Amino acid sequence: MERQIEKQHQMRQKLTNKLLFHVRKNGFQGLKMDEISKIMDISRATLYKYFSTKEDIISFIVSTFVEYIHEIIEDSDPDQVFVQRFQQTFEQTILLKEYITDIFLRELENSYPENYERLKEAMKQREYQELAFYDEGIKEGFFNKIDGRLIIMQDEILSNVLDVKYLMENHLTVYQVLFDYYNLKKFQLFKPDKIKMMDDNLMIPRIECMAQKISKNLY
């Protein structure tokens, strides 16, 4: 029985992953079950085997996001050095911004307020954790005295920069944007004598991987 439940969960995950590419760019408000089944590349009958309504699908997507955010919070290791935690936090922020888009949040708030509140609460918990990390870095003499809320607010610019039109007009690649933004945050946060502790070579393959994922979704 447990194996069957797990198998069904995995299939639901696989199907919603196919839908995410559409939802993150176009939202979901105008979608009907027929269109959803086409995007998932299954018959309508098969779709109803796994999801009874569109609300069921959106709720499952939100649950996936919430679980990922909680995993981020639980996996955070305070014993890691500040350099590693900064790099990990940067990567997580980029991935969250890539998938939890403004259009998705806006439509979620309008159509499914309970799911919206659930997701916002998880995002708020992660923000509290991030602020605590910045405060700790300041106290331990690693970070400059910058209000962590400004660092977090600054992440909002990513939605505008990681846009096809903006990238093309400014002759930028996704990799360039991510690597430059990584350096921007690094030099803002770390005190000059601590920056030399950082090995950017460890981040390059991770930034390349993120750039490939984002480029695939953009173009």
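Details of the structure are given in the entry above.
The numbering scheme is per chain: residues are counted from 1 as the chain's sequence reads. Side-chain atom pairs in this predicted model are given and counted only at pLDDT of 80 or more, local residue features only at pLDDT of at least 70, and totals for whole chains, interfaces and linings cover all residues. Excluded from the side-chain calculation are hydrogens and water; included are all heavy atoms of the structure.

S.K.: How should I be thinking about the packing of aromatic side chains in this particular structure?
M.R.: Ring pairs (aromatic) are described by centroid distance and by the angle formed between their planes. Under the pairing criterion, centres of Phe, Tyr and Trp rings, with the six-membered ring standing for Trp, must be within 6.5 Å; the plane angle then separates stacked pairs below 30 degrees from edge-to-face pairs above 60, leaving the rest tilted. Tallying each qualifying case throughout the model produces 17 aromatic pairs. Judged by centre distance (5.9 Å) and plane angle (70 degrees), the ring pair of Phe51 and Phe60 falls under edge-to-face. Of the two residues, Phe51 and Phe60, both sit in the buried class. Where Phe133 meets Tyr134, the ring centres are 5.7 Å apart and the plane angle is 40 degrees; that geometry is what we call tilted. Each residue's exposure class comes from its accessible area (1.4 Å probe, protein chains only) as a fraction of the maximum for that residue type: buried when under 20%, exposed when over 50%, partly exposed otherwise. You can call Phe133 buried: its relative accessible area is 4%. An aromatic cluster is defined as three or more aromatic residues linked by ring pairs; in this entry it consists of Phe82, Phe86, Phe90, Phe133, Tyr134, Phe142, Phe143, Tyr175, Phe179, Tyr181, Tyr182 and Phe190. Two conditions define a charge sitting above a ring: the NZ of Lys or the CZ of Arg must be within 6 Å of the ring centre, and it must be within 35 degrees of the ring normal. Directly above the ring of Phe142 sits Lys194, whose terminal nitrogen or CZ lies 4.7 Å from the centroid.

S.K.: Is there a simple way to explain the packing of helix α5 (residues 82–99) against helix α11 (residues 174–189) in this structure?
M.R.: To define axes, lines are fitted to C-alpha atoms, for helices over the stretch in contact only, and angles between the resulting N-to-C directions are given on a 0 to 180 degree scale. In DSSP terms, a helix is any run of H or I states spanning at least four residues, a strand is any run of E spanning at least two, and both are numbered starting from the N terminus. The interhelical angle for the contact between α5 and α11, taken along N-to-C directions, is 135 degrees, at an axis separation of 11 Å. In terms of orientation, α5 and α11 fall into the oblique class. For α5 against α11, the interelement crossing comes out right-handed. Taking contact as the criterion, the partners of Phe86, Gln87, Phe90 and Ile94 in α5 are, on α11, Leu178, Tyr181, Tyr182, Lys185, Lys186 and Leu189. Any residue that is not Ala, Val, Leu, Ile, Met, Phe, Trp, Tyr, Cys, Pro, Asp, Glu, Lys or Arg is counted as polar, Gly included; the first ten are nonpolar and the last four charged. When its residues are assigned to classes, the contact of α5 with α11 shows 7 nonpolar, 1 polar and 2 charged. Oblique is the label for every angle not falling under 35 degrees (roughly parallel), over 145 degrees (roughly antiparallel), or within 65 to 115 degrees (roughly perpendicular). The handedness criterion is simple: a crossing whose near helix is rotated anticlockwise from the far helix by less than a right angle is left-handed, and one whose near helix is rotated clockwise is right-handed. We call two residues contacting when some pair of their heavy atoms lies within 4.5 Å.

S.K.: Could you clarify how one ought to interpret the nonpolar core in this entry?
M.R.: Inside soluble globular proteins, nonpolar side chains tend to come together where they are buried. Among buried residues, those of type Ala, Val, Leu, Ile, Met, Phe, Trp, Tyr and Cys that are joined through side-chain atoms within 4.5 Å constitute a nonpolar core. Ranked by internal contacts, the top residues of the largest apolar core, which has 32 residues, are Ile94, Phe143, Val174, Leu178 and Phe190. By size, the runner-up hydrophobic cluster in this structure holds 30 residues, among which are Phe28, Ile36, Ile57 and Ile58.

S.K.: Help me out: how do you make sense of the pattern of salt bridges in this one?
M.R.: Where side chains of opposite charge bring their charged atoms close, a pairing between them can arise. By definition, a salt bridge exists where a carboxyl oxygen of Asp or Glu is found within 4 Å of a side-chain nitrogen of Lys or Arg. Applying the stated rule across the entire model yields 10 salt bridges. Residue Asp34 pairs with Arg44 through a salt bridge whose shortest N-O separation is 2.6 Å. Separated by 10 residues along the polypeptide, Asp34 in helix α2 (residues 33–40) and Arg44 in helix α3 (residues 44–50) bring together distant segments of the chain. Look at Asp34 and you get partly exposed, because its relative accessible area is 39%.

S.K.: When you look at helix α6 (residues 102–111) in this model, what are you seeing that I'm missing?
M.R.: Because an α-helix completes one turn every 3.6 residues, residues spaced three or four positions apart along the sequence face the same direction. Residues Phe104, Leu105, Glu107 and Leu108 constitute the buried set of α6. Elements that come into contact with the buried residues of α6 comprise α1 (2–26), α4 (54–75) and α7 (113–139).

S.K.: So what exactly am I meant to see when it comes to the environment of Tyr68 here?
M.R.: Mapped onto the fold, Tyr68 is located in helix α4. Tyr68 gets classed as partly exposed once you look at its relative accessible area, which sits at 30%. Along the backbone, Tyr68 and Arg206 are 138 residues apart, and their C-alpha atoms lie at a distance of 18 Å. Apart from residues no more than four positions distant in its own chain, Tyr68 is found in contact with Gln92, Leu95 and Leu96.

S.K.: So what exactly am I meant to see when it comes to the environment of Tyr50 here?
M.R.: Inspection of the secondary structure puts Tyr50 in helix α3. A sequence separation of 42 residues divides Tyr50 from Gln8, and the C-alpha atoms of the two residues are 7.3 Å apart. Aside from chain neighbours lying at most four places away, what touches Tyr50 is Gln8, Met11, Arg12, Leu15 and Asp56.

S.K.: How do you make sense of helix α13 (residues 204–218) when you look at a structure like this?
M.R.: Expected helix span is taken as 1.5 Å per residue step, with the number of steps being one fewer than the number of residues. Over its 15 residues, α13 runs 21 Å from end to end, which matches the ideal 21 Å to within 8%, given 1.5 Å per residue. Considering only its buried residues, α13 is in contact with α1, α5, α10 (164–169) and α11.

S.K.: Would you explain the side chain of Glu130 in this entry?
M.R.: As for its position among the elements, Glu130 is in helix α7. Take Glu130: its relative accessible area is 5%, and that puts it in the buried class. Ignoring any residue separated from it by four or fewer positions in sequence, one finds Glu130 in contact with Thr89, Thr93, Ile152 and Asp155.

Keep in mind these values describe shape, not function.
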